[in-house]
Amino acid sequence: MKKINCAVIGMGVGERHARFYQEFNHTNLVKIYEKNKKLINTLKKKYPKVEFVHSEKEIIDDKNIELVSIASYDNFHSNQIIKCFKQNKNVFVEKPICLNLKELKNIVKYFNKSKSKISCNLILRSNSQFNKIKKICRSKKFGKIFYIEGDYNYGRLKKIKDGWRGKIPFYSVTYGGGVHIIDLVNWMLQELPSQVKAEANKMVTKNSSFKYNDFSTALLKYKSGRIAKITSNFGCAMPHHHSMNVFGSKSTIIHNLNGTNIYYSRNKKIKPKKLTTPLNKKEKNNILKDFVLSLVGKNKNTLISFKEILNAMLICFAIEKSFNSNTNIKLDYNKLKLI
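Residues numbered from 1 in each chain as written. Predicted model: local features only at pLDDT ≥ 70, side-chain atom pairs only at ≥ 80, totals over all residues. Heavy atoms only, no water.

Trainee: Please explain the overall build of the protein chain as it appears in this structure.
Mentor: Counting its secondary structure elements, the protein chain contains 10 helices and 16 strands. Over its C-alpha trace the protein chain gives a radius of gyration of 20 Å, about what one expects of a compact globule, namely 20 Å for 339 residues. With the principal axes as the frame, the protein chain shows a C-alpha extent of 60 × 45 × 40 Å. Within the protein chain, contacts between residues separated by at least 24 positions form 67% of all contacts whose residues are at least 6 apart in sequence. As presented, the protein chain carries roughly 17,100 Å² of accessible surface, and 51% of it is formed by carbon and sulfur atoms. Distance from the positive charge centre (64 side chains) to the negative charge centre (24 side chains) of the protein chain: 6 Å. (Helix = DSSP H or I, 4+ residues; strand = E, 2+ residues; numbered from the N terminus. Rg over C-alpha atoms; globule rule 2.2 N^0.38 Å. Contact = heavy atoms within 4.5 Å. Areas by Shrake-Rupley, 256 points an atom, 1.4 Å probe, with all protein chains shown as cover. Lys, Arg positive; Asp, Glu negative; His and termini not counted. Charge placed at Lys NZ, Arg CZ, Asp CG, Glu CD.)

Here it is, written out as structure tokens:
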């Protein structure tokens, strides 16, 4: 059985990657790089057979490492990805893969020069609830989708006020949260928006050390006539969750904290059908598992392609550019260009 030698950079959310690599039968967890020395002492007890290194260079320059998980702060992702590509290493990276269009184009440039593969942890695609919603939306009974809205409701105010997000040179709630909803909408509609108009504010964290907008919302327009609304709501006073409402010509799906309801009638006397899906925490590893299996030849196509990652990021950049310039932004996906 072929096994992939793996390493992890950053052991915040990266610990989920590390646990997977340690337990999965196609991976060997070889090295970990973590800056926090206090955390390292705890981690060494959990991963006694793993080498804890003093720099990312010790991972990237190691010829035996075939797959690197990048779970560092957002502003380090682009540089670390490119360093891995230069060494022909495969990369699994936490979102966002980069912070601006120049970095994105550089990633593409070095990817094309390498033998590397890359995937990004856009985990909502592997969520069984959203998979069921997608299946229903594509049925004839649902009709034509004319409007879809998705909300990334973070609900963890302390993390953005006191955590690393407010300390790095730049943080975007769209790149860090809304990108999940953007990718989900792209995947469900199988169509990309041609134009974006967005607004943002910073009312909830106004008097905190968090320097960036804590809320953004965008209208996405499609050549088919469809409209989508994407919201990144980091200051909301509610638990963390992802809402999605899909409006078809024959049916409507409302998905939020209260569950999922499917309306097949405009008659208020006819109750909606409730959609229930058991919670499965292991689903969060499905994107990473799928990527590893592609590396060992078990599948050809990954759940998320590099092109799909690029498309989602270009939409993120269009949203940021729109509310900063107060204009509509058009997107050219082939040239990775905003107009």
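Trainee: Would you explain the sheet that holds strand E16 (residues 337–338) in this entry?
Mentor: Across a sheet, paired strands are connected by hydrogen bonds in the backbone, their directions being either parallel or antiparallel. Read across the sheet, 10 strands follow the order E14-E13-E12-E11-E7-E10-E9-E8-E15-E16 without closing on themselves; strand pairing throughout is mixed. Of all the strands in the sheet, just strand E14 (273–275) and E16 have a single pairing partner and so form its edges. In this structure, strand E12 (residues 252–256) lies alongside strand E13 (residues 259–263), joined through five bridges in antiparallel fashion. For histidine 255, the partnering residue across the bridge sits in E13 and is threonine 260. Sheet strands in contact with helix H8 (residues 173–189) are strand E7 (145–153), strand E9 (215–221), strand E10 (227–233) and strand E11 (241–248), and its direction is about 150° off that of E7. (Pairing = 2+ DSSP bridges. Axes fitted to C-alpha atoms, helices over the stretch in contact; angles between N-to-C directions.)

Trainee: Sorry if this is basic, but what is going on with the pattern of salt bridges here?
Mentor: Side chains that differ in charge, positive against negative, can pair when their charged atoms come close. Counted according to the given criterion, the structure contains 13 salt bridges. Here lysine 83 and glutamate 56 are joined by a salt bridge, their closest N and O atoms 3.0 Å apart. Residue lysine 83 is found in helix H4 (residues 77–86), and its partner glutamate 56 is found in the loop between strand E3 (51–53) and helix H3 (57–60); the two are separated by 27 residues along the sequence. Residue classification places lysine 83 among the partly exposed residues on the basis of a relative accessible area of 34%. (Salt bridge = Lys/Arg side-chain N within 4 Å of Asp/Glu carboxyl O. Buried < 20%, exposed > 50% of the residue type's maximum accessible area, 1.4 Å probe, protein only.)

Trainee: Teacher, can you tell me more about the environment of valine 30 here?
Mentor: One can find valine 30 in strand E2 (residues 27–33). Sequence separation between valine 30 and cysteine 6 is 24 residues; the distance between their C-alpha atoms is 5.7 Å. Sequence-distant contacts of valine 30, defined by excluding residues within four places in its chain, comprise Asn5, Cys6, Val50, Glu51 and Ile65.

Trainee: Got a minute to help me understand the nonpolar core in this structure?
Mentor: As a rule of thumb, soluble globular proteins bury nonpolar side chains together. Tyr21, Ile97 and Val246 are the most contacted members of the largest nonpolar core, which totals 105 residues. Looking at this core element by element, the count peaks at 12 residues for helix H10 (residues 306–325). Residue contacts for isoleucine 97: discarding those within four places in its chain leaves His77, Ser78, Ile81, Leu104, Ile107, Cys120, Ile309 and Met313. (Core = buried A, V, L, I, M, F, W, Y, C linked by side-chain atoms within 4.5 Å.)

Trainee: What is the right way to read H8 from this model?
Mentor: In an α-helix, one turn spans 3.6 residues, which is why side chains three or four residues apart end up on the same side. The terminal C-alpha atoms of H8 lie 23 Å apart, and with 17 residues this matches the ideal 24 Å at 1.5 Å per residue to within 8%. Of all bends in H8, the biggest is about 50°, found at valine 179. Here H8 lies mainly inside the structure; 17 of its 17 residues are buried. Of the residues flanking the start of H8, the one acting as N-cap is serine 172, its side-chain oxygen 3.1 Å from the backbone nitrogen of threonine 174. The positive-phi residue at the C-terminal boundary of H8 is glutamine 190, with phi of around 55°. (Expected span 1.5 Å × (residues − 1). Bend = angle between axes of the 7 residues up to and from the residue. Polar contact = N/O pair within 3.5 Å; in protein donor to acceptor, adjacent residues only side chain to side chain.)

Trainee: Explain the environment of arginine 226 to me, please; I cannot follow it from the model alone.
Mentor: Looking at the element boundaries, arginine 226 is found in the loop between E9 and E10. Residues arginine 226 and isoleucine 145, spaced 81 residues apart in sequence, show a C-alpha to C-alpha distance of 7.3 Å. Among residues more than four places away in sequence, those in contact with arginine 226 are Ile145, Phe146, Leu189, Glu191, Leu220 and Lys221. At a separation of 3.4 Å, a polar atom in the side chain of arginine 226 contacts the main-chain carbonyl oxygen of leucine 189. Among the polar contacts listed, one links the side chain of arginine 226 to the side chain of glutamate 191, at a separation of 3.0 Å.

Trainee: Help me out: how do you make sense of the packing of aromatic side chains in this one?
Mentor: In total, this model carries 19 aromatic pairs according to the counting rule given. Measuring from ring centre to ring centre gives 4.4 Å for tyrosine 154 and phenylalanine 234, while their planes differ by 15°; the resulting arrangement is stacked. Highlighted residues: tyrosine 154 in the loop between E7 and helix H7 (157–162) and phenylalanine 234 in the loop between E10 and E11, separated in sequence by 80 residues. By the burial criterion, tyrosine 154 is buried, and phenylalanine 234 matches it. Taking 5.4 Å as the distance between ring centres and 90° as the angle between the ring planes, the aromatic pair formed by phenylalanine 210 and tyrosine 212 counts as edge-to-face. (Phe/Tyr/Trp six-rings, centres within 6.5 Å; stacked < 30°, edge-to-face > 60°.)

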